[in-house]
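Results of the structural survey
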Amino acid sequence: MMTEQGRVLSALLQGAFICQVTDEEAWRFLKSRDNAAQLEPHLALLNRTLSTTAEGDVFFASFLTIGENERKVLTQQFQDTASNLVPLVEWLLLVQQANESDMPITMGSAIRLNELQTTIEDTPAYAEQLEKISRYRMFGSTSVNLDGQLKQVFKRLIEMGYLIKPNPDKQIYLGTGKIEHLYEMLRFIDETEALSLSEQAEAAISQGSLI
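Residues numbered from 1 in each chain as written. Predicted model: local features only at pLDDT ≥ 70, side-chain atom pairs only at ≥ 80, totals over all residues. Heavy atoms only, no water.

On to the packing of helix α1 (residues 4–13) against helix α2 (residues 24–31). Their axes nearest at 10 Å, the elements α1 and α2 cross at an angle of 100 degrees. In terms of axis orientation, α1 runs roughly perpendicular to α2. Seen from α1, the contacting residues are Glu4, Gln5, Arg7, Val8 and Leu12; seen from α2, they are Glu25, Ala26, Phe29 and Leu30. Of the residues that constitute the contact of α1 with α2, the class distribution is five nonpolar, one polar and three charged. (Axes fitted to C-alpha atoms, helices over the stretch in contact; angles between N-to-C directions. Helix = DSSP H or I, 4+ residues; strand = E, 2+ residues; numbered from the N terminus. Parallel < 35°, antiparallel > 145°, perpendicular 65-115°, else oblique. Contact = heavy atoms within 4.5 Å. Nonpolar A, V, L, I, M, F, W, Y, C, P; charged D, E, K, R; others polar.)

As structure tokens, this is what we get:
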């Protein structure tokens, strides 16, 4: 049987963003400095190190040292994420507006799909916005009805790690720590808006904290 250390190490190397919402046991394991320190030699063997978001509540593996090959990988990752920012931000705003909330979706935020769908159905402007969002390549919906569009959007957000559905019998979704990582990237891009996408990628790599 795999140890907890092995399980956490495997998740990190697979690109997981570990937070209290996605995997509380692994998150508590990593919150222990001793446990985190014990993982570092294993990560270092594969040129990885343990990183966190600014608040320290989301853990992920990043490159320990950056050579030419790593730089290519990171540049592609940054550009892929940047290309998805518009649909992601539009979705976040739609949910915030539909919930009539002053607070954006964050890690641990609960989204009740049935309530959200009812609100969107009752508000033509929201329905139009959802249709637009669902057509983005990131979501790829071909459905002509609102129900199908919404389900496809949520399906993709789960696949990409931005949402989880803790109980398969309930239409309640939770935001994950990957949303916090997204916000950090948005802040970074906002701070470097005068730079081209490739220059932003290079700056993000040099900073070493976003990817």
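Another aspect to go through is the nonpolar core. Membership of the largest hydrophobic core comes to 34 residues, with the highest contact counts inside it found for Trp91, Ile111, Leu116, Ile120, Phe154 and Leu157. Only α4 (68–83), α5 (85–98), α6 (113–121), α7 (124–135), α8 (146–159) and α9 (177–191) provide two or more residues apiece to this core. Residue contributions to this core peak at seven residues, all from α5. When sequence neighbours within four positions are dropped, the list of residues in contact with Ile111 reads Trp91, Val95, Ile105, Leu116, Phe154, Leu163, Gln171, Ile172 and Tyr173. By size, the runner-up hydrophobic cluster in this structure holds 14 residues, among which are Val8, Trp27, Phe29 and Ala36. (Core = buried A, V, L, I, M, F, W, Y, C linked by side-chain atoms within 4.5 Å. Buried < 20%, exposed > 50% of the residue type's maximum accessible area, 1.4 Å probe, protein only.)

A few words on the side chain of Ser109. In this fold, Ser109 is placed in the loop between α5 and β3 (110–112). Given a relative accessible area of 17%, Ser109 falls into the buried group. Not counting residues within four places of it along the chain, the set of residues in contact with Ser109 comprises Pro104, Tyr173, Leu174 and Gly175.

Our next topic: unusual backbone geometry. Phi is positive for Asn47, which is not a glycine, with a value near 60 degrees. When you line up the elements, Asn47 lands in the loop between α3 (33–44) and β1 (48–52). On the accessibility criterion, Asn47 (15% relative accessible area) is buried. Unlike most non-glycine residues, Glu100 shows phi in positive territory, near 50 degrees. As for its position among the elements, Glu100 is in the loop between α5 and β3. In this structure Glu100 comes out as exposed when scored by relative accessible area, which is 75%.

Looking at the second largest pocket, its volume works out to about 160 Å³. By residue class, the composition of the lining of the second largest pocket is six nonpolar, four polar and one charged. (1 Å grid on protein atoms, 1.4 Å probe; cavity = no way out; pocket = protein on both sides within 12 Å on 5 of 7 lines; lining within 4 Å. Points joined across faces, edges and corners; volume = space filled by probe spheres on them.)

Turning our eyes to something else, we now look at the sheet that holds strand β4 (residues 163–164). The three strands are arranged β3-β5-β4 in an open sheet whose pairing can be described as antiparallel. One side of each edge strand has no neighbouring strand; the edge strands of this open sheet are β3 and β4. Here three bridges tie β3 to strand β5 (residues 172–175), and the two strands are oriented antiparallel to one another. When the bridges of β5 are listed, Arg112 appears paired with Ile172. In the packing of α6 onto the sheet, contacts are made with β3 and β5, and the angle to β3 comes to roughly 60 degrees. (Pairing = 2+ DSSP bridges.)

Turning our eyes to something else, we now look at α2. If you check which residues of α2 are buried, you get Ala26, Trp27, Phe29 and Leu30. Buried residues in α2, looked at end-on, bunch into an arc of 160 degrees, giving them a common side. Where the residues of α2 are buried, they touch α1, α3, β1 and β2 (59–63). (Arc of directions from axis to C-beta.)

What follows covers the side chain of Thr176. Considering the arrangement of structural elements, one finds Thr176 in the loop between β5 and α9. Among the residues examined, Thr176 registers a relative accessible area of 1% and is labelled buried.

This brings us to a nonpolar patch on the surface. A contiguous nonpolar surface patch, about 310 Å² in accessible area, is contributed by Leu13, Leu45 and Leu46. Within the secondary structure, Leu45 is located in the loop between α3 and β1. The exposed category is assigned to Leu45, whose relative accessible area is 72%. (Patch = residues over 30% accessible without salt bridge, like charges linked within 9 Å, V, L, I, M, F, W, Y side chains within 5 Å. Areas by Shrake-Rupley, 256 points an atom, 1.4 Å probe, with all protein chains shown as cover. Salt bridge = Lys/Arg side-chain N within 4 Å of Asp/Glu carboxyl O.)

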